[in-house]
Amino acid sequence: MRNFTSVHDIGNIDAALKEAFDLKKDVFKYSDLGKNRTLLAIFFNSSLRTRLSTQKAALNLGMNVIVLDMNQGAWKLETGQGVIMDGDKPEHILEAIPVMGSYCDIIGVRSFAQFESRQDDYEEKILNQFIRYSGKPVFSMEAATRHPLQSFADLITIEEYKKTARPKIVMTWAPHPRALPQAVPNSFAEWINASGYEFVISHPEGYELDSRFVGDAKIEYNQDKAFEGANFIYAKNWAAYAEPDYGRILSRDRAWTVDARKMALTDNACFMHCLPVRRNMIVTDEVIESPQSIVIPEAANRVISAQVVLKRLLTDN
Ligand code: AN0
Ligand code: CP
């Protein structure tokens, strides 16, 4: 594996899951693999879980770690080509990237969708420039269109909690006061489609995701109906994908909040969310605090997904 940006880079899913469970049994098994090798984790956006779990995964593999918050102390980067740089951005990304690459062996990048242009976001302009100009293996810590370390951890968690061979997994839109990217739902869809499980996506009309990610998932606009018989409820907000509404909030309807009444329609489903989660917008206190909520073990598995990815990047490069 040269880079890790989506499910397509991980190869056989069952093999990746097996590697994850082997690592989970002994996270220090490969503690010499990363000796004298440096991870540089670059954040253009805020993070709690990704920041900590990726560092922990690197430390478990014996790596050195440098973290850079682009918005705190680094120069503001110009990303446009051919720009006369007479504004407030002192450095161009085309110098910054190879410089950053020269200080490390592997680069992790977090760079959310900017919602200025759907085409720019969906071409993954920032992440692809890192791949092209850093000279180093690059992995996504949530980019414009995907959050593969999250989805991999989600799938690991589903394997641990599933009670049937082919569970019914429902990803439901839920309300949120800010416009959020489609990266988490796109990516979750991509990984669940690769797993072959029964997969239903529920959202209000207008919130259709890019069909390349939806694949063969069933779309159910009636949330109650979607929940019937579900084994896993995966809640997430996202802003509209379809033009001309790309990046806009079309609904804040709290009738879509996941609550105990809806959870009672399921087959005693586990509740999942990538976190951070807005309580009583996305999910009620009652549901997130219930025994069915597995959001904490789900977040804990972020160390494992990151460790599999870093281990492969270290081994193959
Ligand atoms: C981000 C998102 O929805 O993509 C990160 C989630 C892991 N969430 C927020 O910005 C609240
Ligand atoms: N789930 C997740 O990626 O959380 P952070 O944004 O806190 O990293």
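Residues numbered from 1 in each chain as written. Chains lettered and ligands numbered in written order. Predicted model: local features only at pLDDT ≥ 70, side-chain atom pairs only at ≥ 80, totals over all residues. Heavy atoms only, no water.

Draft legend 1. Broad picture of the site of ligand 1. Neighbouring ligand 1 are Phe112, Glu142, His147, Leu180, Pro181, Lys236, Cys274, Leu275 and Pro276. The side chain of glutamate 142 places a nitrogen or oxygen atom 2.6 Å from an oxygen atom of ligand 1. Between ligand 1 and lysine 236, the relevant distance is 2.7 Å, taken from an oxygen atom to a side-chain nitrogen or oxygen of the residue. For ligand 1, whose free accessible area comes to 330 Å², the fraction covered by protein is 83%. When atoms are counted within 2 Å of each cavity's grid points, the one that captures over half of ligand 1 is the second largest pocket. Residue classes in the shell around ligand 1 are distributed as 6 nonpolar, 1 polar and 2 charged. (Near = heavy atom within 4 Å. Polar contact = N/O pair within 3.5 Å; in protein donor to acceptor, adjacent residues only side chain to side chain. Areas by Shrake-Rupley, 256 points an atom, 1.4 Å probe, with all protein chains shown as cover. 1 Å grid on protein atoms, 1.4 Å probe; cavity = no way out; pocket = protein on both sides within 12 Å on 5 of 7 lines; lining within 4 Å. Sits in = over half its atoms within 2 Å of the grid points. Nonpolar A, V, L, I, M, F, W, Y, C, P; charged D, E, K, R; others polar.)

Draft legend 2. Spatial organisation of the site of ligand 2. With respect to spatial proximity, the complete set of residues near ligand 2 consists of Ser47, Leu48, Arg49, Thr50, Arg110, His147, Gln150, Cys274, Leu275 and Arg302. Contact between ligand 2 and glutamine 150: a nitrogen atom at 2.9 Å from a side-chain N or O atom of the residue. Leucine 275 places a polar main-chain atom, nitrogen or oxygen, 2.9 Å from a nitrogen atom of ligand 2. Starting from 260 Å² of accessible surface for ligand 2 in isolation, the protein chains cover 94%.

Draft legend 3. Spotlight on the side chain of glutamate 78. With respect to the helices, strands and loops of the structure, glutamate 78 is situated in strand S3 (residues 77-78). An unpaired buried charge is present at glutamate 78: no salt bridge exists, and lysine 89, the closest side chain of opposite charge, is 4.4 Å distant. When neighbours within four sequence positions are excluded, glutamate 78 is seen to be in contact with Val83, Met85, Lys89, Glu91, His92 and Ile93. (Helix = DSSP H or I, 4+ residues; strand = E, 2+ residues; numbered from the N terminus. Buried < 20%, exposed > 50% of the residue type's maximum accessible area, 1.4 Å probe, protein only. Lys, Arg positive; Asp, Glu negative; His and termini not counted. Salt bridge = Lys/Arg side-chain N within 4 Å of Asp/Glu carboxyl O. Contact = heavy atoms within 4.5 Å.)

Draft legend 4. Region of the structure containing the nonpolar core. Formed by 56 residues in total, the largest nonpolar core has its most connected members in Ile10, Phe139, Phe152, Phe199, Val309 and Leu310. When residues in this core are grouped by element, the largest group, 8 residues, is from helix H12 (residues 295-316). Counting residues in hydrophobic clusters, the runner-up holds 19 residues, among them Ala235, Met263, Val283 and Ile288. (Core = buried A, V, L, I, M, F, W, Y, C linked by side-chain atoms within 4.5 Å.)

Draft legend 5. Molecular detail of the packing of helix H2 (residues 49-60) against H12. Put simply, H2 and H12 touch, their axes get as near as 8 Å, and they point 50° apart. Between H2 and H12, the angle falls in the class oblique. Both H2 and H12 take part in a crossing whose hand is right-handed. Facing H2, whose interface residues are Arg49, Thr50, Ser53, Thr54, Lys56, Ala57, Ala58 and Asn60, H12 presents Ala299, Arg302, Val303, Ala306, Gln307 and Leu310. (Axes fitted to C-alpha atoms, helices over the stretch in contact; angles between N-to-C directions. Parallel < 35°, antiparallel > 145°, perpendicular 65-115°, else oblique. Left-handed = near helix turned anticlockwise from the far one by under 90°.)

Draft legend 6. Inspection of the pairing of strand S1 (residues 38-43) at higher detail. Summarising burial for S1: 6 of the 6 residues are buried, a large majority. Of the two faces of S1, the one holding Thr38, Leu40 and Ile42 and the one holding Leu39, Ala41 and Phe43 are both buried throughout. With H2 bridging S1 and its parallel neighbour strand S2 (residues 64-69), the resulting β-α-β unit is right-handed. (Right-handed = clockwise from strand over helix to strand, strands pointing away.)

Note that all results are geometric; they support no functional claim without further evidence.
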